[in-house]
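# Coordinate inspection notes
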Amino acid sequence: MQNELDAIQIELIKRIHLLFLEKFNGNKLAFAKAAHCDEKTIRRLFENQQGMTVNLLFKIAHALETTPSQLLADLSII
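Counting from 1, residues in each chain are numbered in the order their sequence is written. Since the coordinates come from a predicted model, pLDDT governs what is reported: local features require at least 70, and pairs of side-chain atoms require 80 or more to be given and counted, while whole-chain, interface and lining totals use all residues. The basis for every side-chain value is the complete set of non-hydrogen atoms in the structure, without hydrogens or water.

## Describing the nonpolar core
- Joining through side-chain atoms within 4.5 Å is the link that ties buried Ala, Val, Leu, Ile, Met, Phe, Trp, Tyr and Cys residues into a set, and such a set is a nonpolar core. Per-residue accessibility, obtained with a 1.4 Å probe over protein chains only, is compared with the maximum for each type, and a residue is labelled buried under 20%, exposed over 50%, and partly exposed between these values. Counting residues in hydrophobic clusters, the biggest one holds 19 residues, and the most contacted among them are Ile16, Phe31, Phe46, Met52, Ile60 and Leu64.
- Elements represented by at least two residues in this core include exactly α1 (2-24), α2 (28-34), α3 (39-46) and α4 (54-63).
- Any two residues whose heavy atoms approach within 4.5 Å are treated as being in contact. In contact with isoleucine 16, not counting residues within four places along its chain, are Phe31, Phe46, Met52, Ile60, Leu64 and Leu71. The way it works is that DSSP assigns letters per residue, a run of H or I at least four long becomes a helix, a run of E at least two long becomes a strand, and they are numbered from the N terminus.

This is the structure we're talking about:
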C-alpha cells in the first residue's frame, strides 16, 4: 500500500509542477508567496524530499486557481 501512496504523491506533485510552470513561469518564490508557505517547502516538495499535508494541498490548489479535487482527479489506490 505504501508504494501506491508514494506513486500517487509523485503523480500529484507532477501535476502541481506542470501547473506551477504555466502559472508562475518557474518562479518558486512567487508561487510560495501565493501559497502562503516557504520557498524551501516548495523546493523540497518538487525534489520529493518532503511529503504534502492536506493543508499544504489546499494552499497550493488555491495558488494555482484550481481545487484539490481537480488535482487529485483519477488518482486512487487499487
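## Focus: the side chain of threonine 41
- Mapped onto the elements of the fold, threonine 41 is located in helix α3.
- Given a relative accessible area of 17%, threonine 41 falls into the buried group.
- In this view, threonine 41 contacts Gln50 and Leu56; residues no more than four positions away in its chain are not counted.

## Remarks on unusual backbone geometry
- Of note, the phi angle at glutamate 65 is positive, near 55°, even though the residue is not glycine.
- Its place among the elements puts glutamate 65 in the loop between α4 and α5 (68-72).
- Its identity as a non-glycine residue notwithstanding, aspartate 74 has a phi of 70°, on the positive side.
- Here aspartate 74 lies in the segment after α5.

## Considerations on the confidence of the model for the protein
- For every residue, the predictor states its confidence as a pLDDT score lying anywhere from 0 to 100. The pLDDT averaged across the protein works out to 94; a share of 97% of its residues lies at or above 70.
- Within the protein, α1 has the poorest average pLDDT of any element, 93, and α2 the best, 98.

## Thoughts on the pattern of salt bridges
- The working definition used for a salt bridge is a side-chain nitrogen of Lys or Arg within 4 Å of a carboxyl oxygen of Asp or Glu. Enumeration according to the criterion identifies two salt bridges in this entry.
- Between glutamate 11 and arginine 15 there is a salt bridge whose closest N-O contact spans 3.2 Å. You can see glutamate 11 and its partner arginine 15 sitting in helix α1, four residues apart, about one turn around the helix.
- Residue class for arginine 15 comes out partly exposed when judged on its relative accessible area of 22%.
- Where lysine 23 meets glutamate 65, a salt bridge forms, and the shortest distance between an N and an O atom there is 3.3 Å. Within this pair, whereas lysine 23 is found in helix α1, its partner glutamate 65 is found in the loop between α4 and α5, the two being separated by 42 residues in sequence.

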